[in-house]
2 protein chains.
Amino acid sequence: MSIEVIFGKVLRNIREDKKLSQEQLAHLSELDRTYISLLERGKRRPTINTLFALCKPLGLKPSEFLGEIEKEL
Amino acid sequence: MSIEVIFGKVLRNIREDKKLSQEQLAHLSELDRTYISLLERGKRRPTINTLFALCKPLGLKPSEFLGEIEKEL
DNA sequence: ATAGTCTACGGACTATAGTCTACAAAGGGA
DNA sequence: TCCCTTTGTAGACTATAGTCCGTAGACTAT
């Protein structure tokens, strides 16, 4: 499975664990809601800056996020 | 310091530790040499796919790479 | 029914990631 | 001196990251 699809699954899992809507995460990470949707569906490849922006409100380190992706590769 | 500048420093450190030229790393990671140069100088924000492509020939996990960045933030 | 929340998705748009070619400059070694 | 390797950088280009507008469908609760 591609990196971006796995990225999307991990993002969605973590977001739902935190009981956040896409809209809320978008606001907290200062990204667009439709873009969060695209990411979760594996339609976009985020930059590392975007990864950091997402991880901040989710309360985990970017390295931990990538660790989750590596598990599934 | 910005994420991309730190990214560049970490990339250069690791590449030089491995005794690779930008040209060699570019070939191994299937990226352009001038782009490696831009990255090392903090002029570009790589996608996570690019990060994975760079880490593979450098022999370290993307999560480890980001861990180095987090240390300096 | 209907109002509210959440998400998928489309189109149009701007900014930038990433490629390619070419040239300049610095350094080391024969 | 003259190569040779390495890196910076510019310009032009294509692909895609990321925004912003709108609409529609699923679901829940009232």
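Model, not experiment: these values are computed from the prediction.

Rules used throughout
- Residues numbered from 1 in each chain as written.
- Chains lettered and ligands numbered in written order.
- Predicted model: local features only at pLDDT ≥ 70, side-chain atom pairs only at ≥ 80, totals over all residues.
- Heavy atoms only, no water.
- Least-squares fit on C-alpha atoms with pLDDT ≥ 70 in both.
- Contact = heavy atoms within 4.5 Å.
- Near = heavy atom within 4 Å.
- Polar contact = N/O pair within 3.5 Å; in protein donor to acceptor, adjacent residues only side chain to side chain.
- Helix = DSSP H or I, 4+ residues; strand = E, 2+ residues; numbered from the N terminus.
- Nonpolar A, V, L, I, M, F, W, Y, C, P; charged D, E, K, R; others polar.
- Axes fitted to C-alpha atoms, helices over the stretch in contact; angles between N-to-C directions.
- Parallel < 35°, antiparallel > 145°, perpendicular 65-115°, else oblique.
- Left-handed = near helix turned anticlockwise from the far one by under 90°.
- Phe/Tyr/Trp six-rings, centres within 6.5 Å; stacked < 30°, edge-to-face > 60°.
- Buried < 20%, exposed > 50% of the residue type's maximum accessible area, 1.4 Å probe, protein only.

**Quick notes on the relation of the copies chain A and chain B**
The transform that puts chain A on chain B rotates by 180° and translates by 0.0 Å along the axis, for an RMSD of 0.0 Å. Here the transformation between the copies is reduced to the relation of a two-fold axis. For chain A, the minimum C-alpha distance to the rotation axis belongs to Thr47(A) and amounts to 1.8 Å. The share of interface residues of chain A whose copies in chain B are also at the interface is 100%, consistent with both copies meeting through the same surface.

**Digging into the protein's contact with DNA strand C**
The full set close to DNA strand C counts 19 residues, and Arg12(A), Gln22(A), Arg41(A), Tyr35(B) and Thr50(B) are the nearest of them. At a separation of 2.5 Å, a phosphate oxygen of DNA strand C approaches a polar side-chain atom of Arg41(A). Between DNA strand C and Arg45(B), the relevant distance is 3.4 Å, taken from a sugar or linking oxygen to a main-chain nitrogen or oxygen of the residue. Elements represented by at least two residues in the surface near DNA strand C include exactly α1 (3-17) and α3 (33-40) of chain A together with α3 (33-40) of chain B. For the surface near DNA strand C, a count of residues per class yields three nonpolar, seven polar and nine charged.

**Topic: the packing of helix α2 (residues 22-29) of chain B against helix α4 (residues 48-58) of chain B**
Residues and elements named next belong to chain B. Axis separation between α2 and α4 bottoms out at 8 Å; the angle between their running directions is 110°. Relative to α4, α2 is oriented roughly perpendicular. Between α2 and α4 the crossing geometry is right-handed. Contact residues: α2 offers Leu 25, Leu 28 and Ser 29, while α4 offers Ala 53, Leu 54, Pro 57 and Leu 58. Grouping the amino acids of the contact of α2 with α4 by side-chain chemistry returns six nonpolar, one polar and no charged.

**Comments concerning the protein's contact with DNA strand D**
Around DNA strand D sit 18 residues, and of these Tyr35(A), Thr50(A), Arg12(B), Gln22(B) and Arg41(B) come closest. The sugar-phosphate share of atoms of DNA strand D within 4 Å of the protein amounts to 68%. Contact between DNA strand D and Thr50(A): a phosphate oxygen at 2.6 Å from a side-chain N or O atom of the residue. Arg15(B) has a polar side-chain atom sitting 3.0 Å from a phosphate oxygen of DNA strand D. Here the element with the most residues in the surface near DNA strand D is α3(B); it accounts for three residues. Counted by class, the surface near DNA strand D contains three nonpolar, seven polar and eight charged residues.

**Comments concerning the packing of aromatic side chains**
Centre-to-centre distance and the angle between the planes together describe a pair of aromatic rings. All names here are of chain A. Evaluated as defined, the whole model comprises two aromatic pairs over all chains. Ring geometry for Phe 7 and Phe 65: centres 5.0 Å apart, planes at 35°, overall tilted. Of the two residues, Phe 7 sits in helix α1 while Phe 65 sits in helix α5 (residues 62-72), which places them 58 residues apart along the sequence. Owing to a relative accessible area of 0%, Phe 7 belongs among the buried residues under this scheme.

Everything listed here is a matter of geometry and, on its own, says nothing about what the molecule does.
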